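A structural walkthrough
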Amino acid sequence: KPMTEDEPENLVEIRRCRRRREVEELGLVLLAMGIEYWIFRKDGGNVLCVEERNRENAVRESEKFETERATREPPSEPEGFVGKTSNLSLFVFGWSMGMFFLAQEILPAWWVDRGAASSDAILRGQWWRALTALTLHANTEHLLANLATGLVFAAFLVPLLGTGLAWCAIILSGALGNLINAWFYRHDSHESIGASTAVFGALGLLVAWQVCGRILALRKFRAWELIVPAGAGLALLGYLGTSGEQVDFLAHFFGFVAGNGLGASVAALRLEKRATPVWQRVLAGAAFILPLVAWAMAARHR
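Residues numbered from 1 in each chain as written. Predicted model: local features only at pLDDT ≥ 70, side-chain atom pairs only at ≥ 80, totals over all residues. Heavy atoms only, no water.

**Structural notes on the overall build of the protein**
Here is the rule we go by: What counts as a helix is a DSSP run of H or I of at least four residues, what counts as a strand is a run of E of at least two, and both are numbered from the N terminus. In this scheme, a residue with accessible area under 20% of its type's maximum is buried, one over 50% is exposed, and one in between is partly exposed, where area comes from a 1.4 Å probe on protein chains only. Residue contacts are counted whenever heavy atoms from the two residues lie within 4.5 Å of one another. Per-residue accessibility takes into account occlusion by the displayed protein chains alone, with areas from the Shrake-Rupley method and a 1.4 Å probe.
Helices and strands together make up the secondary structure of the protein, namely 13 helices and three strands. The buried share of the protein, taken over its 302 residues, is 43%. Across the protein, the fraction of contacts at a sequence separation of at least 24, relative to all contacts at a separation of at least 6, is 76%. Surface exposure of the protein reaches about 16,700 Å², of which carbon and sulfur atoms provide 62%.

Following this line, the structure appears as structure tokens:
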């Protein structure tokens, strides 16, 4: 129980924590065992005490509590992790997609013809279409739908990987998804446009990073800790990736698969740890420049 006016005189300290919540959690465990406790504020910390006669049992329960909590705690934040990131990159992404769509509306039809992810053209060597197609959209509704879902997934991913690494991985997963999709339709003439391949690539990155991160943390985990993110990702893919007319489900699926592969690689190599702030800025610049380079190549190709 909390500190009162009539606490016993023979109290002994069992645990001291800076955060009150930690000693309160232990106190609830002791209370469940029939052991009364008192919490005092002392020297800037929170002290949990019990009566002398309960010291041995309290210490034993405290040790068991700490052991159990250590097995269920998530891995510590990786080195170089930017827990609180700027939202600037989200605005840049939205602004860039808007500018590309405006150009698409103003420029002649060749803009879409040269930028669409045509399976025939890609397999003939026009690999840049895998990138340029990500910046094209069928109409305003298509653009807004991709912006809404893309910004949500990116908002979760950027704090985990850092701005540069996250956006590079998202763009690469979209491009890889388009390349795989082109190979799948190698015997047919198939075209697709839209950032949705990269959007579902971001979802795949999130799922794989969470699942692989838990597996590689070398700690005990329950099956649901892996099933929940994987199941949620597949559910979102099924719900968002198949609805609407003229939806290229396979492009969404391959983007998700590519994102899974990249996310697992990032987690296995601990790239979020290795990416220093300088490298994050370099990667952020590369993510911004890559689509521009792809469009420069598309404009030059006759």
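**Remarks on the side chain of Asn46**
Applied cut-off: The term polar contact refers here to a pair of N or O atoms within 3.5 Å; inside protein, the definition further demands a hydrogen-donor-capable atom paired with an acceptor-capable atom, and it admits residues adjacent in sequence only when both atoms are side-chain atoms.
Among the structural elements, Asn46 can be located in strand 3 (residues 45–51). On the basis of relative accessibility, which here comes to 3%, the residue Asn46 falls in the buried class. At a separation of 3.5 Å, a polar atom in the side chain of Asn46 contacts the side chain of Arg41. Ignoring anything within four residues of it in the chain, the contact list for Asn46 reads Arg15, Arg16, Cys17, Arg18, Arg19, Arg20, Val23, Ile39, Phe40 and Arg41.

**Concerning the nonpolar core**
As a reminder of what qualifies: For this analysis, a nonpolar core means a set of buried residues of the types Ala, Val, Leu, Ile, Met, Phe, Trp, Tyr and Cys, connected via side-chain atoms within 4.5 Å.
One finds Met97, Leu157, Leu161, Trp167 and Ile170 to be the most contacted residues of the largest nonpolar core, which totals 45 residues. If you list the elements that add at least two residues to this core, you get helix 3 (88–106), helix 6 (129–132), helix 7 (140–161), helix 8 (163–184), helix 9 (196–216), helix 11 (249–269) and helix 13 (277–300). Residues within four places of Leu157 in sequence aside, it is in contact with Gly162, Ala166, Ile170, Ala202, Leu205 and Leu206. Among the nonpolar cores identified, the runner-up in size contains 13 residues, and Val12, Ile14, Leu26 and Leu48 belong to it.

**Considerations on unusual backbone geometry**
What is expected of a backbone is that most residues other than glycine have negative phi and most peptide bonds are trans. Of note, Arg270 is a non-glycine position whose phi angle comes to about 55°, a positive value. Looking at the secondary structure, you find Arg270 in the loop between helix 11 and helix 12 (271–274). Given the relative accessible area of 25%, Arg270 is considered partly exposed.

**Quick word on the packing of helix 8 against helix 13**
Heads up, the condition is: Convention adopted: a line fitted to C-alpha atoms gives each axis, helices being fitted over their contacting stretch, and angles between N-to-C directions are expressed from 0 to 180 degrees. What sets the label is the angle itself: under 35 degrees gives roughly parallel, over 145 gives roughly antiparallel, 65 to 115 gives roughly perpendicular, and the rest give oblique. Take the far helix as the reference: if the near one is turned anticlockwise from it by less than a right angle, the crossing is left-handed, and if turned clockwise, right-handed. By the convention adopted, Pro, Cys, Tyr, Trp, Phe, Met, Ile, Leu, Val and Ala count as nonpolar, Lys, Arg, Asp and Glu as charged, and the other residues, Gly among them, as polar.
Direction vectors running N to C along helix 8 and helix 13 enclose 30°, while the axes themselves pass 6 Å from each other. In terms of their interaxial angle, helix 8 and helix 13 are classed as roughly parallel. Helix-helix and strand crossings are classified by hand; for helix 8 and helix 13 the assignment is left-handed. Between helix 8, through Thr163, Gly164, Leu165, Trp167, Cys168 and Ile171, and helix 13, the contact on the second element is made entirely by Gln280, Leu283, Ala284, Ala286, Ala287 and Pro291. Partitioned by chemical class, the residues of the contact of helix 8 with helix 13 number nine nonpolar, three polar and no charged.

**Overview of helix 7**
Heads up, the condition is: Multiply 1.5 Å by the residue count of a helix minus one, and that product is the helix's expected span.
For helix 7, with 22 residues, the first-to-last C-alpha span of 30 Å sits near the 32 Å given by 1.5 Å per residue. Within helix 7, the full set of buried residues consists of Leu143, Asn146, Leu147, Gly150, Phe153, Ala154, Leu157, Val158, Pro159, Leu160 and Leu161. Where helix 7 begins, the capping side chain belongs to Asn139, and its oxygen is found 3.2 Å from the backbone nitrogen of Glu141. Just past helix 7, the residue Gly162 takes up positive phi, approximately 95°.

**Some words on the sheet that holds strand 2 (residues 38–42)**
Within a sheet, neighbouring strands are paired by backbone hydrogen bonds and run either parallel or antiparallel to one another. For the record, the criterion: Any two strands are treated as partners once DSSP identifies two or more bridges connecting them.
Read across the open sheet, the three strands follow the order 1-3-2; overall the sheet is antiparallel. Every other strand in the sheet has two partners, leaving strand 1 (11–17) and strand 2 as the edge strands with one partner each. Put simply, the sheet's adjacent strands are angled 35° from each other on average, direction ignored. Pairing analysis gives five bridges linking strand 2 to strand 3, with the strands arranged antiparallel. By the bridge assignment, Phe40 is partnered in strand 3 with Val47. Against the sheet, helix 1 (residues 20–32) touches strand 1, strand 2 and strand 3, its axis set at about 15° to strand 3.

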